[in-house]
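# What the coordinates show
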Amino acid sequence: MKKVRVEILLMKRFVLFAVCLMFAAGTLCAQQNDQKVWDVDSQVYKDMVSLYLFEGRALPSSAGPWSTDELKCMLDVFDGNFNSDSSNMLYDKIHAELYKKNRIQFTDGFAADFEASFSPELYVHTNSDDFIQEEDWNYDYTKRDFPLNFDYELFATKNIYLRSGFNVGLEDGHRNAGAANVLYQPKFSMNIPMIAPGGIDYINFNFPETAFASFGGEHWNVLLGRDVIRWGNGESGNLYYGGNQVYSNAVKLTTYFNKFKYTFVTDFSAHEMNALQTGSQFKKESGTRFFMTHRFDFRFFNDRLNFSVAEGYVYQSADNTFDVRYFNPMMFYHNQYIRANSNSILGFDADYAICRGLNVYGQFVIDEFSMVGEPTTESDGGGRPNKMGALLGVKYAMPLMDGVLRFNLEGVYTDPYLYLREQYDSTYGENGVSLYSYVREFHNTNPTVTYTRKCIGYKYGGDCVVGDFKANYATSNNWISEFELFYMAHGIICKDFGGDDWAIGKSKAPSTHDIAETPVHEDGFVEHTFRVSLSSSYPILKWLTVSGGIDNYFIWNQDNVQKPMVYDMQLHAGVKIYY
């Protein structure tokens, strides 16, 4: 009996010791949660790029967003002892941001952080006759801020991170296709509801635009929810995964090491047969549509060359069929052979560090490719024209006073039918599968539900030639200024979206053929756009930042209609007070 009591006593002590150990681990976990996810436009990643440029390394992985653990892995390739004061400054700045302590420690193993801000902005432009849509502004919806923001983060143990928020402001104003946008046409406007033209009918009810759960460990992370996903070092956009949507509803898995990284994403959106008609929230949605893709990153030649290959496809089904046979993170998606339900794409991305401060990068995508001897038009026997795109650029960084001055020169070419497929296949009764995504939006007036369509790949779609130059200066205290020269020549194929003409640009006649098999020769003119931009933001105090910018647009043959040059000067100014 005495032996049993001794055993029970030992067991109780063991349990007590285990509980104490768990509490101690929980406290440690709260301090070491590295699953926070950083936005694709975060300054900490931009500083990481500058540090890699200064040290003559290939650029860090451009497949974002990134967890804290991944950014720490990028930083850990350096020992923190640099010959350059600028590299030391960047290293210390990044290190301080990644190792910053959470604001609130609720209990052992559970912490939180938050940011509340008031961000009023003013917008002015001179031409309200020709520049009447959100797309006519460089400082568009994705760049504008909400006047009231409350974003919060939760950290549970060392493995779980949650993020969401509340935003009060105006929507993007997309209501009736072809009509002027009430929020973007007026010469004077603000982002504050109840101040004309942003009345109560235009209050945004589609928040939060960032809301997800992230969990993972050392060298791996899984993200589930809403966030912007972008792959590539392009400044004017990226050809494979452009990150053009306000957000993606996605699941993302990534694992990363010094010489290798693997990323898998399934990005869900509305079926386009819903997008071709407006409705209400009581109208049942139909159809399944998602973009499934993976990417492999490799680093070679003493970390001077970074090369990646990505492959994926858009899958859709009008009757909501989700065939799990095609859900495979390691499949060669071109070999699914389900063209009636999918459209696949292949992408290559590389950059090379020529010397300290100088890097050359490029991208190449293949949507459709005909081998030598294969037909390329319907008259040749039912073939399809090539649909490819290429991007080439140069980055240069140099220290200047207590900051970094960066230059970027980039050129882009996309084939006319890149990202497109047939509008409707009468044989199978299916809409064609284009490489576009649809975000469902609610409005406070009729129509109460619309769908915003944007390209998954390059921001401007196919049929364009782009040249872009940027000069950017950022200091250690985040004073940021940027100058940009932008030129684009855009053809008539798939530039606009409106009802039946979405697949073939200006044509108003519904097509029952593959647009690639039956190329449409429209009467139209190449649109030429030239833009000169200057923007800046400056943190006056720890809790106060002011920002502003000016964009000068010069457009010839606007909307591919022959007409003289139109001009618009667009200004924006704002202040951000945050806690």
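Residues numbered from 1 in each chain as written. Predicted model: local features only at pLDDT ≥ 70, side-chain atom pairs only at ≥ 80, totals over all residues. Heavy atoms only, no water.

## Some thoughts on the pairing of strand β20 (residues 403–414)
Basically, it comes down to this: For two strands to pair, DSSP has to find at least two bridges joining them. Numbered from the N terminus, helices here are DSSP runs of H or I no shorter than four residues, and strands are runs of E no shorter than two.
Here strand β19 (residues 387–400) runs beside β20; their pairing, made up of 12 bridges, is antiparallel. Pairing of Met398 across the sheet is with Leu405, part of β20. Two successive antiparallel strands, β19 and β20, enclose a turn made up of two residues, where Met401 displays a positive phi of approximately 55°. Note that β20 and strand β25 (residues 464–475) share 12 bridges and pair antiparallel. Residue pairing across strands places Gly403 opposite Thr475, the latter belonging to β25.

## Description of the packing of helix α2 (residues 43–54) against helix α3 (residues 68–75)
This is how the line gets drawn: Every axis corresponds to a line fitted to the C-alpha atoms, with the helix fit spanning only the stretch in contact, and the corresponding angles, defined between N-to-C directions, vary from 0 to 180 degrees. Note that the term roughly parallel is reserved for angles under 35 degrees, roughly antiparallel for angles over 145, roughly perpendicular for angles of 65 to 115, and oblique for everything else. Crossings are classed by handedness, with left-handed meaning an anticlockwise turn of the near helix from the far one by less than a right angle and right-handed meaning a clockwise turn. Here, two residues are considered to be in contact whenever any of their heavy atoms come within 4.5 Å of each other.
Closest axis-to-axis distance for the α2/α3 pair is 11 Å, and the angle between their directions is 15°. The angle between the axes of α2 and α3 places the two elements in the roughly parallel class. Remark: the crossing between α2 and α3 carries left-handed chirality. Where α2 abuts α3, its residues Val44, Tyr45, Met48, Leu51 and Tyr52 lie against Leu71, Met74 and Leu75.

## So, the packing of aromatic side chains
For clarity, the cut-off: Classification of ring pairs uses Phe, Tyr and Trp, with its six-membered ring standing for Trp, and accepts pairs whose centres are within 6.5 Å; under 30 degrees between planes counts as stacked, over 60 as edge-to-face, and the remaining range as tilted. Categorising residues by exposure relies on relative accessible area from a 1.4 Å probe, with only protein chains included: less than 20% of the type maximum marks a residue as buried, more than 50% marks it as exposed, and the intermediate range marks it as partly exposed. Should the NZ of a Lys or the CZ of an Arg lie within 6 Å of a ring centre and within 35 degrees of the ring normal, that charge is described as sitting over the ring.
In the structure shown here, the tally under the stated rule is 40 aromatic pairs. Consider the rings of Tyr458 and Tyr460, whose centres lie 5.6 Å apart with planes at 65°: the pair is edge-to-face. Taking the relative accessible area as the measure of exposure, Tyr458 reaches 0% and is therefore buried. One cation-aromatic arrangement involves Arg103 over Tyr579; the distance from NZ or CZ to the ring centre is 5.1 Å. The ring of Tyr436 has Arg453 lying over it, and the distance from NZ or CZ to the ring centre is 3.6 Å.

## Let's talk about the confidence of the model for the protein chain
Inclusion rule: Each residue carries a pLDDT score, the predictor's own confidence in it, on a scale running from 0 to 100.
Mean pLDDT for the protein chain: 85, with 84% of residues reaching 70 or above. A low-confidence stretch, residues 1–30 stays under pLDDT 50, and its non-local contacts, those more than four residues away or across chains, total 12 contacts. Note that residues 495–521 has pLDDT below 50 and, in this model, 71 contacts with residues that lie over four places away or in other chains.

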